[in-house]
Amino acid sequence: MKDEMHLTHLATGDLLRAAVAAGTPLGLEARRFMDAGELVPDEVVIGMIRERLDAGAEDFLLDGFPRTIAQAEALDDMLSDLGAPLDAVLLLSVSRAELVRRLAGRWLCRTCGRSWHEVSNPHRRDEDCLETGKDCDLYQRDDDRAETVANRLDVYDAQTAPLVGYYRERGLLRELDGERSLEDVYAQIEATVAPGR
Ligand code: AMP
């Protein structure tokens, strides 16, 4: 999916949820990790991204990948093969308490993938699905349950937080304030990845 910044949005979580919904062998394997709030094994997600990047090297924004140092190193190799180095890595800083609040009130459309929040960004009745043009098919993610969220945040601290140093050392890290409003965070992202657009 291309967004308003003309970037292809490539989210490993979306790709994995699609594989789970389709009942593919990869989806079946991934599901037990996702339900527990654990990371899906590196080789699975690296394979998924490799397949997608091999299909064409347009401008893209990776979301939720890499999540481990091993994934970051594999990404470096893939991008160096493509001759397309990373422009920037965005770190959206949000406190643990605010993350718990946001995930607990999150609703997504099963078909077009957009998300809303009960308090900060409620879904309006007249908002049609981007894919079907009819009402969005709203649901809450199983892994947004409180117990699973706590584990996801611990997994982030243990396995993903080390990437901050990895990308800071390489001069690629851009730190944004993720606690601001939706519009403000979007504007910060746009100013960082697509200045002047
Ligand atoms: P997300 O939609 O990014 O929150 O991802 C949902 C779940 O998918 C995560 O909790 C993991 O179980 C799995 N997942 C998504 N991206 C990755 C990744 N890069 N590495 C490992 N597991 C991932």
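For the structure, check the block above.
Residues numbered from 1 in each chain as written. Predicted model: local features only at pLDDT ≥ 70, side-chain atom pairs only at ≥ 80, totals over all residues. Heavy atoms only, no water.

Examining a negative patch on the surface
Logical step 1: Together, Glu51, Asp54, Glu73, Asp77 and Asp81 give the surface a local cluster of negative charge.
Logical step 2: When residues of the negative patch are traced back to their parent elements, those giving at least two are helix 3 (42–54) and helix 4 (69–82).
Logical step 3: Broken down by element, the residue count for the negative patch peaks at three residues, all from helix 4.
Logical step 4: Here Asp77 is to be found in helix 4. (Patch = residues over 30% accessible without salt bridge, like charges linked within 9 Å, V, L, I, M, F, W, Y side chains within 5 Å. Areas by Shrake-Rupley, 256 points an atom, 1.4 Å probe, with all protein chains shown as cover. Salt bridge = Lys/Arg side-chain N within 4 Å of Asp/Glu carboxyl O. Lys, Arg positive; Asp, Glu negative; His and termini not counted. Charge placed at Lys NZ, Arg CZ, Asp CG, Glu CD. Helix = DSSP H or I, 4+ residues; strand = E, 2+ residues; numbered from the N terminus.)

Points about helix 1 (residues 12–22)
Logical step 1: Within helix 1, the full set of buried residues consists of Thr12, Gly13, Leu16 and Ala19. Seen from one end, helix 1 has its buried residues packed into an arc of 125°, which puts them on one side. Among the exposed residues of helix 1, those pointing more than 90 degrees away from its buried face are Ala21 and Ala22.
Logical step 2: In this structure, the buried residues of helix 1 make contact with strand 1 (8–11), helix 2 (25–36), helix 3 and strand 2 (60–63).
Logical step 3: Just past helix 1, the residue Gly23 takes up positive phi, approximately 70°. (Buried < 20%, exposed > 50% of the residue type's maximum accessible area, 1.4 Å probe, protein only. Arc of directions from axis to C-beta. Contact = heavy atoms within 4.5 Å.)

A few points about the sheet that holds strand 4 (residues 106–109)
Logical step 1: What the three strands build is an open sheet, ordered 5-4-6; its pairing is antiparallel. Only two strands of the sheet have a single neighbouring strand rather than two, namely strand 5 (115–117) and strand 6 (138–139).
Logical step 2: Sheet analysis places strand 4 next to strand 6, joined by two bridges and oriented antiparallel. Bridge pairing links Leu108 to Tyr139 in strand 6. (Pairing = 2+ DSSP bridges.)

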